[in-house]
Amino acid sequence: MKTLKIILINVCILVALTALLNGIFFLLLGLKNEGSTGDYPYEGKRRALLMNNGKDSLYNLSVMDDFYSLETEYRPYVVWSRKSYKGKTTTVNEEGDRVTFLDSSRITDSSPVLRVFGGSTVWGTGVDDHGTIPAYLYTYLQEHIVLNHGESGFVSRQSLARLINLLNQGEKTDGVVFYEGFNDIMTLCRQEVGYNSHDRAIQINTYIEQAKKASSAKSVVKEFVALIFYRYTLQYFADKKAITGDENQMYKCCTDPASLEKVAGTLVRNWRLAHQLCEANKISFHAYLQPCAYTGNPVFDPRYKITGEHCMPETYNKVCEFIHAELKN
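Residues numbered from 1 in each chain as written. Predicted model: local features only at pLDDT ≥ 70, side-chain atom pairs only at ≥ 80, totals over all residues. Heavy atoms only, no water.

> Explain the layout of surface pockets to me, please; I cannot follow it from the model alone.
Where empty space is left can be seen by rolling a probe of water-molecule size over the atoms. Counted as a void, the second largest pocket has a volume near 510 Å³. Along the walls of the second largest pocket sit 27 residues, with Glu95, Asp97, His149, Arg162 and Leu166 positioned nearest its centre. Counting only elements with at least two residues in the lining of the second largest pocket, the list comes to β2 (79-82), β5 (113-118), β6 (145-148) and α5 (156-167). Residues belonging to the lining of the second largest pocket are distributed by class as follows: 10 nonpolar, eight polar and nine charged. (1 Å grid on protein atoms, 1.4 Å probe; cavity = no way out; pocket = protein on both sides within 12 Å on 5 of 7 lines; lining within 4 Å. Points joined across faces, edges and corners; volume = space filled by probe spheres on them. Helix = DSSP H or I, 4+ residues; strand = E, 2+ residues; numbered from the N terminus. Nonpolar A, V, L, I, M, F, W, Y, C, P; charged D, E, K, R; others polar.)

In structure tokens:
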């Protein structure tokens, strides 16, 4: 009886320590996500401290505060889009598009409509409504209506889907610009992402699997046990492994030339499809492989962390060469 009691006490201590350790790792993960621990302290809103844009730090913090207040929702075919939002520096309309403020006195029924597509570079992460690329285009082309259809994380396949959504509803369009490529390369080159996929496919599939399990009492119990005793412990060490592991293994394009060509080919073919669609509707079309931190001499704070810089500069240059070879004219 005494032996059983000692065993039960030890088991209870072990269970309590396991739960406590899981709780500690939960707090550590929370702190890391806030950008206050680890090797790189400029995650989240603290990115505002690294902006070299001539604005004061309080204003930049306001821009990033708006950015992290935004919410997304499911949209057919493009998968996600921002919900409407009106902040101090950022405005998103009911269609989920970042607003470009136009001079209504210059707009007529005959004003040409130029639509700009891409990822967060077009959307305007880190700038106010007047600092986006479409907003700057409008300052040079004020006889045009310039509309921003960029969205954070979008790859070229989603830009194509967004364009189709607009054209099949008869939305007036005279010119189309695709300004992108960074997301295609950084996302589709990842080992776990398919060539016709996007950044959130795994996340969405995880939610679907969780929804299937939610109706099972056994699954609910397992989820509860995982939450209390080991989920955050495993996640913490998985994150550590991802950080300290060989980054080349994260990106198939870094070690496999065939994968790189497949990613670049997918991007080019999406542009070709968009071009053919525009040509059939008498719309001018322009596609650009956007410059990024891997090319030229970017004006970045030296403390700025450049994702994948171990192999992505060479990868980006090879993609550029492939595009030149494929699109000679």
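What follows picks up the thread again.
> How do you make sense of the sheet that holds strand β8 (residues 284-289) when you look at a structure like this?
Strands in a sheet are paired, the pairing made by backbone hydrogen bonds, and the direction either parallel or antiparallel. Taking strand neighbours across the sheet as the criterion, the four strands line up as β6-β5-β7-β8 in an open arrangement whose pairing is parallel. Each edge of the sheet is formed by a strand with only one pairing partner; in this case those strands are β6 and β8. For this sheet, the mean angle separating the axes of adjacent strands, direction not counted, is 15°. The sheet contact formed by strand β7 (residues 175-180) and β8 spans six bridges and is parallel. Counterpart to Gly175 in the pairing with β8 is Ser284. The sheet strands contacting helix α4 (residues 133-140) are β5, β6 and β7, and the helix crosses β6 at an angle near 175°. (Pairing = 2+ DSSP bridges. Axes fitted to C-alpha atoms, helices over the stretch in contact; angles between N-to-C directions. Contact = heavy atoms within 4.5 Å.)

> What exactly am I supposed to notice about the state of the cysteines here?
By definition, a disulfide links the sulfur atoms of two cysteine residues through a covalent bond. Tallied over the entire structure, the rule returns two disulfides. Disulfide pairing places Cys189 opposite Cys253 at an S-S distance of 2.0 Å. The disulfide joining Cys189 to Cys253 has a torsion of about -85° about its S-S bond and is therefore left-handed. One end of the pair, Cys189, is in the loop between α6 (182-188) and α7 (201-213); the other, Cys253, is in the loop between α9 (231-244) and α10 (257-280), and 64 residues separate them in sequence. Given a relative accessible area of 1%, Cys189 falls into the buried group. Note on cysteine connectivity: Cys254 is disulfide-linked to Cys311, with sulfurs 1.6 Å apart. On the criterion of sequence distance, the pair formed by Cys254 in the loop between α9 and α10 and Cys311 in the loop between β8 and α11 (312-326) is long-range, its members being 57 residues apart. When its relative accessible area of 8% is taken as the criterion, Cys311 is described as buried. (Disulfide = S-S within 2.5 Å. Buried < 20%, exposed > 50% of the residue type's maximum accessible area, 1.4 Å probe, protein only.)

> Please clarify how the nonpolar core should be interpreted in this entry.
Nonpolar side chains tend toward joint burial in soluble globular proteins. Leu163, Val176, Phe178, Cys189, Tyr294 and Met312 are the most contacted members of the largest nonpolar core, which has 32 residues in total. Per-element accounting of this core gives the leading share, eight residues, to α10. Aside from chain neighbours lying at most four places away, what touches Cys189 is Asp184, Met250, Tyr251, Lys252, Cys253, Val263, Met312 and Thr315. Listed in part, the eight residues of the second largest apolar core include Met51, Met64, Phe67 and Leu70. (Core = buried A, V, L, I, M, F, W, Y, C linked by side-chain atoms within 4.5 Å.)

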